[in-house]
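Notes for the structure review
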Amino acid sequence: MSESTWQLLLDSLWPLIHGAITGTIPLALASFAIGLVLALGLALMRLSKRRWLSSIAQVYISIVRGTPLLVQLFVIFYGLPSLGIVIDPWPSAIVAFSINVGGYAAEVIRAAILSVPKGQWEAAYMIGMSHRRALTRIILPQAARVSVPPLSNTFISLVKDTSLASLILVTELFREAQQVAAFSQQFMALYLEAALLYWVICLVLSSGQGVLEKRLDRYVAH
């Protein structure tokens, strides 16, 4: 690459980092937090003895997992206005990503709850706990430890998926790269720089995941 290209990469580095700090990371965190709450509700619905409740959750999960995230994003941002529902780019992205996370994380949480030995339920009942209290005090804390690795992977994937928000004009890391590339016409260099930053972010998150797993490993029965 020429000297001017290297200078362009240096000049564009901070705008891309700024896009990650103010766009990519907050978008991923907000969507993941909301998605986890939704996923917990869906997981409990799937485990419910009420067939109609379990069926609703199953259909929701099937639709989310069976359709592309990009389609879900476009339905919310471009499709809903035809029904008179107009949502700004940022909220649209959060809604779409949260719905998507909810569908995938629900099965992770459900499997984690099922992995807790039935003896834990029986022990809770023996000391007079109600079903709800046993769930919140005994079962969910154990399930949370088991679900950390797959949920961490879901979050890392979400960070990369936030690049799709650039298609509805949300200013984040990749959107910044697109704008600089369009101005300079150095598409290859800018997109590779964006890819490198995504990689670095994911490496940091993966390292954090490893540390968290080691700290929690002592509490998980093998």
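These numbers come from a predicted model, not from an experiment.

1. Regarding the environment of Ala20
- By the element assignment, Ala20 lies in helix H1 (residues 3-47).
- Classification of Ala20 by relative accessible area gives buried; the value is 8%.
- Aside from chain neighbours lying at most four places away, what touches Ala20 is Ile25, Pro26, Leu173 and Ile201.

2. Some details on the UniProt feature "domain: ABC transmembrane type-1" (unreviewed entry) in the protein chain
- The residues that UniProt annotates with the feature "domain: ABC transmembrane type-1" (unreviewed entry) are residues 21-209.
- Taken end to end, residues 21-209 comprises 83% helix and 0% strand; its first and last C-alpha atoms sit 20 Å apart.

3. Overview of the packing of aromatic side chains
- Under the criterion given, the structure shown has 6 aromatic pairs.
- For the pair Phe77 and Tyr78, a centre-to-centre distance of 4.8 Å together with 80° between the ring planes defines the contact as edge-to-face.
- Judged by its relative accessible area of 44%, Tyr78 is partly exposed.
- Between the aromatic rings of Trp121 and Tyr125, the centroid separation amounts to 6.1 Å while the plane-to-plane angle is 35°, which identifies the pairing as tilted. Of the two residues, Trp121 and Tyr125 both sit in helix H5 (residues 118-126), 4 residues apart, roughly one turn of that helix.
- Judged by its relative accessible area of 17%, Trp121 falls in the buried class.

4. A look at the nonpolar core
- Within the largest apolar cluster, 46 residues are counted, with the highest numbers of intra-cluster contacts made by Leu27, Ala93, Phe97, Leu158 and Leu173.
- Excluding anything up to four places from it in sequence, Ala93 contacts Leu27, Ser31, Leu73, Ala165, Ile168 and Val170.

5. What to know about the UniProt feature "transmembrane region" (unreviewed entry) in the protein chain
- Mapped onto this numbering, the UniProt entry annotates "transmembrane region" (unreviewed entry) at residues 20-45, 57-80 and 188-208.
- The span residues 20-45 is 100% helix and 0% strand, and its two end C-alpha atoms sit 35 Å from each other.
- Along residues 57-80 the backbone is 88% helical and 0% strand, and the end-to-end C-alpha distance reaches 22 Å.

6. Comments concerning the packing of helix H3 (residues 69-79) against helix H4 (residues 89-115)
- Two numbers describe how H3 lies on H4: the axes approach to 9 Å, and their chain directions differ by 140°. The orientation of H3 with respect to H4, classified from their angle, is oblique. Considering only the axes of H3 and H4, their crossing is right-handed. Along its contact with H3, which presents Leu69, Gln72, Leu73, Ile76 and Phe77, the element H4 presents Pro89, Ser92, Ala93, Val95, Ala96, Phe97, Ile99 and Asn100.
- Broken down by class, the residue content of the contact of H3 with H4 amounts to 10 nonpolar, 3 polar and no charged.

Conventions and cut-offs
- Residues numbered from 1 in each chain as written.
- Predicted model: local features only at pLDDT ≥ 70, side-chain atom pairs only at ≥ 80, totals over all residues.
- Heavy atoms only, no water.
- Helix = DSSP H or I, 4+ residues; strand = E, 2+ residues; numbered from the N terminus.
- Buried < 20%, exposed > 50% of the residue type's maximum accessible area, 1.4 Å probe, protein only.
- Contact = heavy atoms within 4.5 Å.
- UniProt positions renumbered as here; feature names shortened; annotations may be inferred.
- Phe/Tyr/Trp six-rings, centres within 6.5 Å; stacked < 30°, edge-to-face > 60°.
- Core = buried A, V, L, I, M, F, W, Y, C linked by side-chain atoms within 4.5 Å.
- Axes fitted to C-alpha atoms, helices over the stretch in contact; angles between N-to-C directions.
- Parallel < 35°, antiparallel > 145°, perpendicular 65-115°, else oblique.
- Left-handed = near helix turned anticlockwise from the far one by under 90°.
- Nonpolar A, V, L, I, M, F, W, Y, C, P; charged D, E, K, R; others polar.

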